[in-house]
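Tertiary structure, described
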Amino acid sequence: MSLQIPKQVEFASLSLIPEAIFDIYYYLENNIQNKKNWKKFSEYELWYDLCLCILASNVHYEQALSAAAHLHNKELLDRHVMLENLNYAQNRISYELSLPLFLPKKKDGNLRKYRFPNIRAKNIVKSTENLSYKFSLMQLLKDSNSENEVRNFLVDNISGMAHKEASHFLRDIGFSNSLAIIDTHILTFLKELKIISSQTKISTIRQYFELESIMQNLASHYDLKLSILDNAIWHYMNIKHR
């Protein structure tokens, strides 16, 4: 069922964005996000960030960061090495992710096991298999005609990567300014502002795009970059509901 969202939401008649979000937004803009330049990344750095976004799907982001760093330290994210023995690579990654080594710490102070060791190991190795030895993420970005074109390619070719994860990757490398990362934080935020119904869920791609359109309109209304705004909202909602 469609959300039946109007093409242009009249934000002026709705609750204003909390002032704290603007504070977070300008901090991110001045200190972090505007300093990210995908053209300065190595091919491995791009691939590492892609794997991080795969690992972050339905997982606490701190845990995904911890898991990606661990796999990097174990030299298990090298695409060319993985291609030499895909089964071995998948088994090793799955094993490492199953160990109690990852943040955030539990209440008792112990580290955690990664939440989905088998499926994420399969996602990473399958994605490696889907791309040839000569495939270059850098070239994909350089040759692209639009942010949407790159996102669609990633969704079609990277295992475990839907539109949210692909948008996350493109934002984090500084490639995208207008794609939204629609997660539970954004949904809750839009519900609290009464922009969408409290019953709204994302069950179809069409609904994802409709919610992305709302976020694009909201960013445009306040003359903000969506890539920074949804990150600011994520930080704000994490603090508010901590």
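Worth saying up front: this structure is predicted, and the values here are computed from it rather than measured.

Criteria and thresholds
- Residues numbered from 1 in each chain as written.
- Predicted model: local features only at pLDDT ≥ 70, side-chain atom pairs only at ≥ 80, totals over all residues.
- Heavy atoms only, no water.
- Helix = DSSP H or I, 4+ residues; strand = E, 2+ residues; numbered from the N terminus.
- Buried < 20%, exposed > 50% of the residue type's maximum accessible area, 1.4 Å probe, protein only.
- Core = buried A, V, L, I, M, F, W, Y, C linked by side-chain atoms within 4.5 Å.
- Contact = heavy atoms within 4.5 Å.
- Lys, Arg positive; Asp, Glu negative; His and termini not counted.
- Salt bridge = Lys/Arg side-chain N within 4 Å of Asp/Glu carboxyl O.
- Polar contact = N/O pair within 3.5 Å; in protein donor to acceptor, adjacent residues only side chain to side chain.

On to unusual backbone geometry, then. Here Leu103 and Pro104 are connected by a cis peptide whose omega angle stands at 0°. Position of Pro104 relative to the elements: it lies in the loop between helix 5 (86-97) and helix 6 (117-130). The backbone phi angle of Glu75 is positive, close to 60°, even though this residue is not glycine. Among the secondary structure elements, Glu75 is positioned in the loop between helix 3 (61-73) and helix 4 (79-84). Here Lys194, not a glycine, exhibits a phi torsion of approximately 60°, which is positive. For Lys194, a relative accessible area of 67% translates into the label exposed.

We now examine the nonpolar core. Within the largest apolar cluster, 44 residues are counted, with the highest numbers of intra-cluster contacts made by Trp47, Leu55, Ile93, Ile124, Leu154, Leu170 and Ile173. A total of nine residues in this core trace back to one element, the largest contributor, which is helix 2 (residues 43-55). Each residue touching Leu170, except ones within four places of it in the same chain, is listed here: Leu141, Glu147, Val150, Arg151, Leu154, Phe175, Ser176 and Leu179. Judged by nonpolar contacts, the second largest core, of 30 residues, contains Ala180, Ile182, Ile214 and Leu218.

Here Glu147 is to be found in helix 8 (residues 147-157). Buried and unpaired, Glu147 has no salt bridge, with Arg151 as the nearest side chain of opposite charge at 7.8 Å. Only 3.0 Å separates the side chain of Glu147 from the backbone nitrogen of Asn177, close enough to count as a polar contact. Here Glu147 is in contact with Leu170, Phe175, Ser176, Asn177, Ser178 and Leu179, once residues within four sequence places are set aside.

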